[in-house]
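Given next are the chains, with one letter for each unit.
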Amino acid sequence: MGAAGDREVENMGMLELFLVAVGLSMDAFAVAVCKGLALRQVRPGHMALVGLWFGAFQALMPLIGYFVGAQFKDAITAVDHWIAFGLLALIGGNMIREALSHEEEEADASLSVRKMLPLAVATSIDALAIGVSFAFLSVNIAAAASFIGVVTFLLSAVGVKVGSLFGARYKSKAELAGGVILILLGLKILLEHLGVLA
């Protein structure tokens, strides 16, 4: 994108994008922890497979959301910052609610397509909504989606190992942290558009 593309970080810099990626990947990390808890012996192949499932869908969903959001971008430019804030706050709030609900998820060791596909879709729905919000910001969507996918791959792979070593101890903490991060980023976007933050 050249020099002009480099200035796209006005609304979504590398730090913000990294925090979004981490926030989004916390759901996948939490499920990966449960997988690691269920597996009797975790091998690198298990970690890579779980990481690929979650990473691939977390990269795909923002792309879909972006192109859906782009269809409406011109019509709602005046409130785009409110939409971005609303989506981030809604997703973050839902993650916090789930983290505080203390509902125990069934630990299933299966890594079959039948088991992993629904989990990959379910944990990446939030990324679809984030993709919609990206359409209203200055974001290189291909780079952003790839980055989110890589971060999710790494954290999900680590999550499998964490689950096998420590159990589900970090699951709710991860979801809580992810929710807080997304809400704060949404607030930052809103305040910047309102001129509160320089």
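A short tour of the structure in this document, coming up. (Residues numbered from 1 in each chain as written. Predicted model: local features only at pLDDT ≥ 70, side-chain atom pairs only at ≥ 80, totals over all residues. Heavy atoms only, no water.)

1. Brief notes about the packing of helix 2 (residues 14-38) against helix 6 (residues 141-166)
Contact geometry of helix 2 with helix 6 gives a least axis separation of 7 Å together with a crossing angle of 35°. Considering how the two elements wind past one another, helix 2 and helix 6 form a crossing that is right-handed. Here the residues of the contact of helix 2 with helix 6 sort into 21 nonpolar, seven polar and no charged. (Axes fitted to C-alpha atoms, helices over the stretch in contact; angles between N-to-C directions. Helix = DSSP H or I, 4+ residues; strand = E, 2+ residues; numbered from the N terminus. Left-handed = near helix turned anticlockwise from the far one by under 90°. Nonpolar A, V, L, I, M, F, W, Y, C, P; charged D, E, K, R; others polar.)

2. A word on the nonpolar core
One finds Val20, Leu24, Val50, Phe54, Ile130, Phe134 and Ile148 to be the most contacted residues of the largest nonpolar core, which totals 43 residues. Secondary structure elements with two or more residues in this core: helix 2, helix 3 (44-70), helix 4 (80-101), helix 5 (113-134), helix 6 and helix 7 (171-193). The dominant element in this core, judged by the number of residues it contributes, is helix 2, at 11 residues. The contacts of Ile148, once residues within four sequence positions are left out, are Leu17, Val20, Ala21, Leu24, Gln58, Pro62 and Phe134. (Core = buried A, V, L, I, M, F, W, Y, C linked by side-chain atoms within 4.5 Å. Buried < 20%, exposed > 50% of the residue type's maximum accessible area, 1.4 Å probe, protein only. Contact = heavy atoms within 4.5 Å.)

3. Observations concerning the side chain of Ser156
If you trace the backbone, Ser156 turns up in helix 6. For Ser156, a relative accessible area of 0% corresponds to the buried category. Setting aside anything within four residues of it in sequence, one finds Ser156 in contact with Ala28, Phe29, Ala32, Val50, Gly51 and Phe54.

4. Observations concerning the pattern of salt bridges
By the definition in use, this model includes one salt bridge. A salt bridge links Lys188 to Glu16, with the shortest nitrogen-to-oxygen separation between them at 2.8 Å. You can see Lys188 sitting in helix 7 and its partner Glu16 sitting in helix 2, a full 172 residues away along the chain. The class for Glu16 is buried, based on a relative accessible area of 16%. (Salt bridge = Lys/Arg side-chain N within 4 Å of Asp/Glu carboxyl O.)

In short, shape yes, function no, at least from these values alone.
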